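Descriptive analysis of the structure
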Amino acid sequence: NPEDVVTVTNEAIDGLYEMGSASYLLNGEQIAFMDLMRYLLIGSGNDAANALAIHVSGSIEGFVDLMNNKAQELGMDNTNFVNPHGLHNDNHYTCPYDMALMFMAAMEHDLFLEIISTASYTAAPTNISKERYFFNTNGLISNLYYSGHVYDKCIGGKTGSTDEAGRCLVSSAVDGDKQMVSVIMGSGPMEKDGDIRQGQFDESKRLLEYGFTNFRRVTISRPD
């Protein structure tokens, strides 16, 4: 229920703050469900992923079961989840095609599209925290985290980075009546004209532009 209020537990935050991006939630904090969704999808909060999983399923393990069941429904045959946030585990894996399937399924929900297209957000204060301001980790949408990468055709996406996986991004863009989805995995910083560029953003833009430029829809048959 989007109107729910979620109580953060130690299970959701234990050990995460030394491992990757987080919203720095506090044990016992009561947060609006939709604010947690924005922490997750805009600010890449690993702790928000855990808190939402526990709220929905009662445990992280129970939610992971739902994730894998949904993956099978979507035909993600080369994917196995072991946690909600994506931090490294040898048995937690996927491939670009499966990420595209998942992203396209998520884009069927207007609320998801609204959130991933948001450049920044200020979350309301909670019972034990002041308001929090955070910004989109997707450089194709926002300059606030990585500057110089904004792409005006991009309608949103989701970043993910670990030492093992590199810098990854699944994103979508629209040009006229065409919509493209791109998946970049295993990227990293690149030097271009003396500047250090973020490969996951530059390569996503190149791939999307390639799709817009080199493909068109044609009618190959008609009912008559």
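Residues numbered from 1 in each chain as written. Predicted model: local features only at pLDDT ≥ 70, side-chain atom pairs only at ≥ 80, totals over all residues. Heavy atoms only, no water.

1. Points about the packing of aromatic side chains
A full pass over the atoms with the stated rule returns 9 aromatic pairs. Here the aromatic residues Tyr133, Phe135, Tyr145, Tyr146 and Phe201 are joined through ring pairs into a cluster of three or more. (Phe/Tyr/Trp six-rings, centres within 6.5 Å; stacked < 30°, edge-to-face > 60°.)

2. Brief notes about the sheet that holds strand S5 (residues 154-162)
Read from one edge of the open sheet, 3 strands run S5-S6-S7, paired in antiparallel fashion. Unpaired on one side and paired on the other, S5 and strand S7 (178-187) mark the two borders of the sheet. With direction set aside, neighbouring strand axes in the sheet form an average angle of 10 degrees. With 8 bridges connecting them, strand S6 (residues 166-175) and S7 associate as antiparallel partners. Bridging from a neighbouring strand, Val170 pairs with Val183 of S7. Lying on the sheet, helix H5 (residues 96-106) is in contact with S5, S6 and S7; it crosses S7 at an angle near 135 degrees. (Pairing = 2+ DSSP bridges. Helix = DSSP H or I, 4+ residues; strand = E, 2+ residues; numbered from the N terminus. Axes fitted to C-alpha atoms, helices over the stretch in contact; angles between N-to-C directions. Contact = heavy atoms within 4.5 Å.)

3. Side note on the side chain of Asn68
You can see Asn68 is positioned in helix H4 (residues 60-73). In this structure Asn68 touches Asn80 and Phe81, once residues within four positions along its chain are discounted.

4. Comments concerning the nonpolar core
By size, the foremost hydrophobic cluster in this structure holds 34 residues, and its most contacted members are Leu25, Leu36 and Tyr39. For this core, the leading source of residues is helix H2 (residues 33-41), giving 5 residues. With residues up to four places along the chain from it excluded, the contact list for Leu25 reads Val8, Ile13, Tyr17, Ile31, Leu36, Tyr39, Asp47, Ala48, Ala51 and Arg132. In this structure, Ile141, Cys154, Phe201 and Leu208 belong to the second largest nonpolar core, which totals 9 residues. (Core = buried A, V, L, I, M, F, W, Y, C linked by side-chain atoms within 4.5 Å. Buried < 20%, exposed > 50% of the residue type's maximum accessible area, 1.4 Å probe, protein only.)

5. As for the pairing of S6
Summarising burial for S6: 7 of the 10 residues are buried, a large majority. One ladder, built from 8 bridges, connects S5 with S6; its direction is antiparallel. Note on S6: the bridge partner recorded for Gly157 is Ser171. Taking the residues between adjacent antiparallel strands as the criterion, S5 and S6 are bridged by 3 residues. Once S6 ends, the chain turns through 2 residues before running back antiparallel as S7, passing Gly176 with a positive phi of about 65 degrees.

6. A few points about H4
The end-to-end C-alpha distance of H4 is 20 Å, a good match for the 20 Å that 14 residues give at a rise of 1.5 Å each. Looking only at H4, the buried set comprises Ile60, Val64, Met67, Asn68 and Ala71. The buried residues of H4 occupy an angular sector of 90 degrees when the element is viewed end-on, so they sit on one face. On the buried face of H4, the contacting elements are helix H1 (10-13) and helix H3 (46-57). Of the residues one or two after H4, Gly75 is the one with positive phi, at around 80 degrees. (Expected span 1.5 Å × (residues − 1). Arc of directions from axis to C-beta.)

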